[in-house]
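Residue-level structure breakdown
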Amino acid sequence: MNTRTLFTPATNAMTHVRNEVERMFDNVFPFSSATRSYPAFNMIEDADRVYVEAEMPGVRMEDLEITVANGMLTVSGRREVTPPEDSNTLRRERKTIEFERSLSLPVTLDASETEAVLRDGILVLTMPKVEKAKARRVEVTQG
Amino acid sequence: MNTSIMNNDCCRNEAIDCVQDLTVKSPQFYRAAIDVHELDDQFVIVSDMPGAEADGIEISVEDNTLEITGKVPNRYETKGRMLRQEYGIGDFHRRFRIGDGIDVSQISATCKDGVLTVKLPKSASIRSRTIEVRAE
């Protein structure tokens, strides 16, 4: 299979193909990528921290890998959907998926201080801003 | 015509052992993704409800209609400035028609990692039985 060598090695072939397809679409439709990618991210900031949240019901912490490096956050993992034993599935809307998604972070963050909490199917990453990225309040004194 | 009625999950409309999706589109709620499984003695509905706590999940049965609502508190109200929003926050909801063959008094539910599991036991009269045939 000569064509295999054209691709960079990926731990999971399907994830890799999906990422490639997404990248292709992102180039054609740069504004439509958000709704299709998994997981969906929300990002909030306050004065000292940036919070990144993702909905991932049924995912356990041990199924997740989270890295923050060079201003990029990458979340990858697997969500397993297993039907009960000896059952007949009448309706299926939930799927087993493997995912990997990266997001560029808006300001300089202290990656070593990233806190990850997974609760009720929501992943919350809390990352403190580094000192110089914080907005400064300049005191104006009357001369 | 309500198209969800056409969407039979199992058997006929009149079937007594039946769990059939009746959810209609509503601007008020998010549609939680579900799986429905049938076992020998029960139906199991599994539903993704990220952000819903066990306390905030309401399950009600009235006139053969089962409703599941998962309340999700808006955790952004006090949190700061939104930089990126790819999903909205709101309550989840699904509605089902269930047959008379379900023992409503024995319905139970558990919630773990944002996944709700509802068990709907079949009443004894409709469970499939194995009849032993003895050789003479």
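Above this text is the structure in question.
Let me begin by describing the structure that accompanies this report. (Residues numbered from 1 in each chain as written. Chains lettered and ligands numbered in written order. Predicted model: local features only at pLDDT ≥ 70, side-chain atom pairs only at ≥ 80, totals over all residues. Heavy atoms only, no water.)

1. Details of the interface of chain B and chain A
Many authors give the size of an interface as the accessible area that is lost as the parts come together. Which entries qualify depends on this criterion: What makes two residues a contact is simply this: any of their non-hydrogen atoms within 4.5 Å. Summed over both partners, the accessible area lost on bringing two parts together, with a 1.4 Å probe, is the buried area. The rule for a salt bridge is simple: a side-chain nitrogen of Lys or Arg has to be within 4 Å of a carboxyl oxygen of Asp or Glu.
Opposite the 39 residues of chain B that make contact, chain A presents 39 residues. Overall, the association of chain B and chain A removes approximately 3,300 Å² of surface from exposure, summing both partners, and the carbon and sulfur fraction of that is 50%. Counting the surface chain B buries against chain A, the share from its top three residues, B:Lys79, B:Glu86 and B:Tyr87, is 20%. There are eight salt bridges connecting chain B and chain A.

2. Brief notes about the environment of B:Ser26
Residues and elements named next belong to chain B. Note the following rule: What counts as a helix is a DSSP run of H or I of at least four residues, what counts as a strand is a run of E of at least two, and both are numbered from the N terminus. Each residue is assigned to one of three classes by its accessible area relative to the maximum for its type, calculated with a 1.4 Å probe on protein chains only: buried under 20%, partly exposed between the two thresholds, exposed over 50%.
Checked against the element boundaries, Ser 26 lands in the loop between strand E1 (19-21) and strand E2 (30-31). By relative accessible area, Ser 26 is classed as partly exposed at 26%. Along the backbone, Ser 26 and His 93 are 67 residues apart, and their C-alpha atoms lie at a distance of 9.1 Å.

3. Considerations on the pattern of salt bridges
Applying the stated criterion across every chain, the model contains 20 salt bridges over all chains. Residues A:Arg91 and B:Asp21 are paired through a salt bridge, measuring 3.4 Å at the closest nitrogen-oxygen approach. Of this pair, A:Arg91 sits in strand E5 (residues 88-92) while B:Asp21 sits in strand E1, which puts the two residues in different chains. The buried category is assigned to B:Asp21, whose relative accessible area is 2%. Taken together, the shared-partner salt bridges connect A:Arg91, A:Glu93, B:Asp21, B:Arg31 and B:Arg94 into one network.

4. Brief notes about a negative patch on the surface
Let me state the cut-off plainly: Only residues whose relative accessible area exceeds 30% and that take part in no salt bridge are eligible for patches, with like-charged residues grouped when within 9 Å of each other and nonpolar side chains (Val, Leu, Ile, Met, Phe, Trp, Tyr) grouped when within 5 Å. Methods summary: accessible areas were calculated by the Shrake-Rupley approach with a probe of 1.4 Å, and residue burial reflects only the protein chains presented. Charge assignment in this entry is limited to Lys and Arg as positive and Asp and Glu as negative, and neither His nor the chain termini are counted. Note on charges: their place is set at NZ of Lys, CZ of Arg, CG of Asp or CD of Glu.
A contiguous patch of negative charge, built from A:Glu85, A:Asp86, B:Asp40 and B:Asp41, is present on the exposed surface. When you line up the elements, A:Asp86 lands in the loop between strand E4 (72-79) and E5. On the accessibility criterion, A:Asp86 (75% relative accessible area) is exposed.

5. Observations regarding the sheet that holds strand E3 (residues 34-38) of chain B
For clarity, the threshold we go by: Any two strands between which DSSP finds at least two bridges are classified as paired. Lines fitted to C-alpha atoms define the axes, with helix axes restricted to the stretch in contact, and inter-axis angles between N-to-C directions lie between 0 and 180 degrees.
What the five strands build is an open sheet, ordered E5(A)-E3(B)-E4(B)-E10(B)-E9(B); its pairing is antiparallel. Looking along the sheet, the strands with just one partner apiece sit at the ends: E5 of chain A together with strand E9 (108-112) of chain B. Across the sheet, the mean angle separating the axes of adjacent strands is 15° when strand polarity is ignored. Bridging between E3(B) and strand E4 (residues 42-48) of chain B involves five bridges; their strand directions are antiparallel. Across the sheet, the residue bridging to B:Glu38 is B:Phe43, located in E4(B).

6. What about the layout of surface pockets?
The condition that has to hold: Cavity and pocket criteria rest on a 1 Å grid covering protein atoms alone: a 1.4 Å probe that fits but cannot get out defines a cavity, protein on both sides within 12 Å along at least 5 of 7 lines defines an open pocket, and an atom within 4 Å of a point defines a lining residue. Grid points are joined across faces, edges and corners, and a volume is the space filled by probe spheres set on the points. Each residue is assigned to one class: nonpolar for Ala, Val, Leu, Ile, Met, Phe, Trp, Tyr, Cys and Pro, charged for Asp, Glu, Lys and Arg, and polar for all the others, Gly among them.
By volume, the second largest pocket is sized at about 520 Å³. Lining the second largest pocket are 24 residues; nearest its centre among them are A:Glu80, A:Thr82, A:Arg94, B:Val46 and B:Val115. The residue inventory of the lining of the second largest pocket, partitioned by class, reads nine nonpolar, six polar and nine charged.

7. Observations concerning the sheet that holds strand E2 (residues 49-55) of chain A
Reading across the sheet, the five strands line up as E7(A)-E8(A)-E2(A)-E1(A)-E7(B) and stay open at both edges, with antiparallel pairing between neighbours. With one partner strand each, in any of the chains shown, strand E7 (115-119) of chain A together with strand E7 (81-85) of chain B form the two edges of the open sheet. Strand-to-strand twist across the sheet, computed as the mean angle between neighbouring axes with direction ignored, equals 20°. Examined bridge by bridge, E7(A) and strand E8 (residues 122-128) of chain A share five bridges and lie antiparallel to one another. Each residue of the ladder has a partner; that of A:Ala116, found in E8(A), is A:Leu125.

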